[in-house]
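Here is what each chain is made of, one letter per residue.
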Amino acid sequence: MTRKITWFFFAFLAICIGLYPLVYLNAQSNFGLLATKPVELLKNNLWNFAFYTHLSLGGIALLIGWAQFSQKWRKSKPQAHRIIGKTYVISVLISAICAIYIGINATGGTIAKTGFIFLGIIWLITTIEAYRKARSREFGDHQKWMTYSYAACFAAVTLRLWMPILIAITGDFISAYQIVAWLCWVPNLLLAKIIAK
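What counts, and where the lines are drawn
- Residues numbered from 1 in each chain as written.
- Predicted model: local features only at pLDDT ≥ 70, side-chain atom pairs only at ≥ 80, totals over all residues.
- Heavy atoms only, no water.
- Patch = residues over 30% accessible without salt bridge, like charges linked within 9 Å, V, L, I, M, F, W, Y side chains within 5 Å.
- Areas by Shrake-Rupley, 256 points an atom, 1.4 Å probe, with all protein chains shown as cover.
- Salt bridge = Lys/Arg side-chain N within 4 Å of Asp/Glu carboxyl O.
- Lys, Arg positive; Asp, Glu negative; His and termini not counted.
- Charge placed at Lys NZ, Arg CZ, Asp CG, Glu CD.
- Helix = DSSP H or I, 4+ residues; strand = E, 2+ residues; numbered from the N terminus.
- Buried < 20%, exposed > 50% of the residue type's maximum accessible area, 1.4 Å probe, protein only.
- Axes fitted to C-alpha atoms, helices over the stretch in contact; angles between N-to-C directions.
- Left-handed = near helix turned anticlockwise from the far one by under 90°.
- Contact = heavy atoms within 4.5 Å.
- Nonpolar A, V, L, I, M, F, W, Y, C, P; charged D, E, K, R; others polar.
- 1 Å grid on protein atoms, 1.4 Å probe; cavity = no way out; pocket = protein on both sides within 12 Å on 5 of 7 lines; lining within 4 Å.
- Points joined across faces, edges and corners; volume = space filled by probe spheres on them.
- Expected span 1.5 Å × (residues − 1).
- Arc of directions from axis to C-beta.

1. Thoughts on a positive patch on the surface
Where like charges cluster on the molecular surface, the positive patch consists of Arg82, Lys86, Arg135 and Arg137. Looking at the element boundaries, Arg135 is found in helix α6 (residues 109-135). We classify Arg135 as exposed; its relative accessible area is 62%.

2. Concerning the packing of helix α3 (residues 45-65) against helix α5 (residues 78-103)
For the pair α3 and α5, interaxial distance at closest approach is 8 Å and the crossing angle is 145 degrees. The element α3 and its partner α5 pack so that their crossing is left-handed. Contact residues: Leu46, Trp47, Ala50, Phe51, Thr53, His54, Leu57, Gly58, Ile60, Ala61, Ile64 and Gly65 in α3; Ile84, Thr87, Tyr88, Ser91, Val92, Ile94, Ser95, Cys98, Ala99, Tyr101 and Ile102 in α5. Residue composition of the contact of α3 with α5, grouped by class: 16 nonpolar, seven polar and no charged.

3. Observations regarding the pattern of salt bridges
Enumeration according to the criterion identifies two salt bridges in this entry. Two residues, Glu129 and Arg132, come together in a salt bridge whose shortest N-O distance is 2.6 Å. With Glu129 and Arg132 both in helix α6, this residue pair falls three residues apart, about one helical turn. Its relative accessible area of 18% is what places Glu129 among the buried residues. Among the residues examined, Arg132 registers a relative accessible area of 43% and is labelled partly exposed. A salt bridge links Glu138 to Lys133; the shortest N-O distance between them is 3.4 Å. Glu138 gets classed as partly exposed once you look at its relative accessible area, which sits at 33%.

4. Section: the layout of surface pockets
Of the voids in this model, the largest pocket is the one considered here, and its volume is about 970 Å³. The wall of the largest pocket is formed by 23 residues, among which Thr6, Trp7, Phe10, Phe69 and Ile195 lie closest to the centre. Mapped by element, the contributors of at least two residues to the lining of the largest pocket are α1 (2-19), α4 (71-76), α7 (139-153) and α10 (186-195). With seven residues, the single largest contributor to the lining of the largest pocket is α1. Split by residue class, the lining of the largest pocket holds 13 nonpolar, six polar and four charged. There is about 810 Å³ of room inside the second largest pocket. Considering the residues around the second largest pocket, the lining is formed by 33 residues, among which Leu33, His54, Leu159, Arg160 and Tyr177 are closest to the centre. Residue assignment for the lining of the second largest pocket shows that the elements contributing at least two residues are α3, α5, α6, α7, α8 (155-170) and α9 (173-183).

5. Quick notes on α1
When the terminal C-alpha atoms of α1 are compared, their 26 Å separation across 18 residues agrees well with the 26 Å that a helix rising 1.5 Å per residue should span. Among all positions of α1, only Ala11, Ala14, Ile17 and Gly18 are buried. Looking down the long axis of α1, one finds its buried residues gathered within 145 degrees of arc, a one-sided arrangement. Facing away from the buried side of α1 by more than 90 degrees, the exposed set consists of Thr2, Lys4 and Phe8.

In structure tokens, the structure reads:
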């Protein structure tokens, strides 16, 4: 029962935050995180392309990736597993590269920038390695690397869970954002290491 409840919340959070980028479709330039960005950056076409591409494809990766961890589903629908897997990999490769680029201009200075850039790099590397292992039919290692990849992807969820708590503790958005730039993904990867054993 506990496992089913945990799985339900895992899937529920992934779907909710995976759909979150839709909120930005008609959002104003002062919506959410955009309100912390300088006007010059918001007018930069390359940054806007990277930001919205990262949001959209990262959302897709989060939205579809959780289903890949169902062993029963993988065995009964191998073709669907491969199609969704390839869609996930393509989405991550593009989204992660965009994340590394927009991380250079992350709110919160060097601490936040470094945290988000490292997250983007780790997300990219673990996904490439997971795909490489699948291609070489090393499915045990493929599953381990994909666990790390999705743990990095799930940072989109844990960031949004941690932020209100950190703001309440620190009383300051910037301080909270500097902390969450690391807290949103480091514990995820540690948990993934335990799960992937």
